[in-house]
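# A closer look at the structure
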Amino acid sequence: MKRRIKRIGALGACCLLLAGLAGCSPSPAAVTVDGSQADAAELAFYLEYNRLNLAAEQGDETGEYDEETTQMVKQQALEQIVTAEIVLAKCKEFDLKLTDDEKDQLKENKKELIESHGGKAGYLAYLNENAMADRVYDKFQTNALYYDKLYDYLVGPGGEYDFTDVELRQFFADHYAQVQYIRFSMTDMEGDPLDQAEGRRAMERAQQVMAQAQAPGADFTQLVESYNDDPYMSDNPGGIIVAASQCAASPQFAELFQLSENQIGGVYTGIDGYYVVKRLPVGAAYFDENQDSILQEARDGKFNQLLDQWKAEAEVKTTGVFDKMTLSNLWDYVK
């Protein structure tokens, strides 16, 4: 099963309109990507999707957002729309089309959804509750298939950018490392942040241990046992495997791949403490035992790289509708 970039970010495909349901209501263009238009109803859906995610993260359902937050959510929506249109454009370029079976399955899925809501009226009400017009629903569903087609065509087995055994081993060498670390927590036993003086002392202890670790003949494993306060590292004293893709979310490992094997680095500031880090070589057995997941990581990375390149090259324009739409008035455009 592919690990994809966020599914919502990949949405965008040809509009599969089904007879007998709400037709295409006039909706002005909000965004154009190389001339292809995404209308206001699409933008409204993406805005509401991201607003709900933000509310869940912050635990705030007041619905009141300042200008900075509004602009952040709008940029997220714009990024998703651009990705969606790029996926569609590339499928068209590579002549990737839905099969009859796939089209029939989309129709069947939609029919079942309508029936589950008691008919057309209930279905449309359900969509409206989720800031989604009927044609946006169709586009949402078809893009999942187009995304898979583009992925498989480019980086799937036999794809233009698929990895040979040699290439995959090189990817593994460049993007995986084993690491030992010593953490000095920024929080107390109750999980509350240390005060300024305690935080300063934690940093001083980390610097002192860093100096010990870099001394000739130092036993890093023994230092981990003596000073580390992270139970996960204590339970894995020989080290853990880290992929480069994980480092963006783990700032203490941001410079890990700049270290040579058996080199010690630090003091790095993580989200939960100060870190002294040692990079270790990864045993060959790990590649053999985890080749499938490594291949998936490599394919995902290459596919995202291609998408990022195409997005950077695309001509993206927003309209006055984009400028006017907010997290409060987006419902006026769900039609």
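As the structure is a prediction and not an experimental result, all values here were calculated from the model. (Residues numbered from 1 in each chain as written. Predicted model: local features only at pLDDT ≥ 70, side-chain atom pairs only at ≥ 80, totals over all residues. Heavy atoms only, no water.)

## Structural notes on the overall build of the chain
Across its full length, the chain carries 13 helices and seven strands. Here the chain holds 335 residues, and 44% of them are scored as buried. Taking the contacts inside the chain whose residues are at least 6 apart along the sequence as the reference set, 75% of them involve residues at least 24 apart. Put simply, the chain has 31 plus and 56 minus side-chain charges, and the middle of one group is 6 Å from the middle of the other. (Helix = DSSP H or I, 4+ residues; strand = E, 2+ residues; numbered from the N terminus. Buried < 20%, exposed > 50% of the residue type's maximum accessible area, 1.4 Å probe, protein only. Contact = heavy atoms within 4.5 Å. Lys, Arg positive; Asp, Glu negative; His and termini not counted. Charge placed at Lys NZ, Arg CZ, Asp CG, Glu CD.)

## A closer look at helix H7 (residues 165-175)
Within the span of H7, buried status applies to Leu168, Phe171 and Phe172. Projection of H7 onto a plane perpendicular to its axis shows the buried side chains occupying an angular sector of 100°, all on one side. Looking at the buried side of H7, the elements it contacts are strand E3 (176-185), helix H11 (284-289) and helix H12 (291-313). (Arc of directions from axis to C-beta.)

## Considering the packing of helix H3 (residues 67-93) against H12
When two helices pack together, you describe them by how their axes are tilted relative to each other and by the distance separating the axes. Running from N to C, H3 and H12 point in directions that differ by 100°, and their axes come no closer than 10 Å. Taken together, H3 and H12 sit at an angle that is classed as roughly perpendicular. Where H3 approaches H12, its residues Glu79, Val82, Thr83, Ile86, Val87 and Lys90 are matched on the opposing element by Leu307, Trp310 and Lys311. When grouped by side-chain class, the residues that make up the contact of H3 with H12 number five nonpolar, one polar and three charged. (Axes fitted to C-alpha atoms, helices over the stretch in contact; angles between N-to-C directions. Parallel < 35°, antiparallel > 145°, perpendicular 65-115°, else oblique. Nonpolar A, V, L, I, M, F, W, Y, C, P; charged D, E, K, R; others polar.)

## Re unusual backbone geometry
A negative phi holds for most residues other than glycine; trans holds for most peptide bonds. Look at the link from Gly266 to Val267: it is a cis peptide, with omega at -5°. Relative to the elements of secondary structure, Val267 occurs in strand E5 (residues 264-269). Despite not being glycine, Ala131 has its phi angle at roughly 55°, a positive value. Checked against the element boundaries, Ala131 lands in the loop between helix H5 (120-129) and helix H6 (134-155). One non-glycine residue, Asn262, lies in the positive phi region at around 70°. Looking at the secondary structure, you find Asn262 in the loop between strand E4 (240-243) and E5.

## Details of a negative patch on the surface
Taken together, the side chains of Asp188, Glu190, Asp192, Asp195 and Glu198 define an acidic patch exposed on the protein surface. The topology assignment puts Asp195 in the loop between E3 and helix H8 (196-213). Classification of Asp195 as partly exposed rests on a relative accessible area of 42%. (Patch = residues over 30% accessible without salt bridge, like charges linked within 9 Å, V, L, I, M, F, W, Y side chains within 5 Å. Areas by Shrake-Rupley, 256 points an atom, 1.4 Å probe, with all protein chains shown as cover. Salt bridge = Lys/Arg side-chain N within 4 Å of Asp/Glu carboxyl O.)

## As for the sheet that holds E3
Here we have four strands laid out as an open sheet, ordered E4-E3-E6-E5, and antiparallel in their pairing. Taken across any chain shown, the strands that pair with only one partner, and hence form the sheet edges, are E4 and E5. In this sheet, adjacent strand axes meet at a mean angle of 40° when their direction is disregarded. Where E5 meets strand E6 (residues 273-280), five bridges bridge the pair, whose relative direction is antiparallel. Each residue of the ladder has a partner; that of Ile264, found in E6, is Lys278. The strands touched by H7 are E3, E4 and E6; relative to E3, the strand with the most contacts, the crossing angle is about 15°. Each of E3, E5 and E6 touches helix H9 (residues 220-227); the most contacted strand, E3, lies at about 35° to it. (Pairing = 2+ DSSP bridges.)

## Quick notes on the confidence of the model for the chain
This prediction gives the chain a mean pLDDT of 87; 91% of its residues lie at or above 70. With pLDDT under 50 throughout, residues 1-25 is counted as low confidence; its partners more than four residues away or in other chains account for 71 contacts. (pLDDT = per-residue confidence, 0-100.)

## Focus: the nonpolar core
Judged by nonpolar contacts, the single largest core of 54 residues is most densely connected at Val31, Leu43, Leu47, Leu150, Leu154, Phe303 and Met325. Of all the elements in the fold, those that place two or more residues in this core are strand E1 (29-33), helix H2 (40-58), H3, helix H4 (100-116), H5, H6, H12 and helix H13 (320-324). Excluding anything up to four places from it in sequence, Leu43 contacts Ala30, Ala77, Ile81, Phe322 and Met325. Residues Ala213, Val242, Tyr274 and Val276 belong to the second largest nonpolar core, which totals 26 residues. (Core = buried A, V, L, I, M, F, W, Y, C linked by side-chain atoms within 4.5 Å.)

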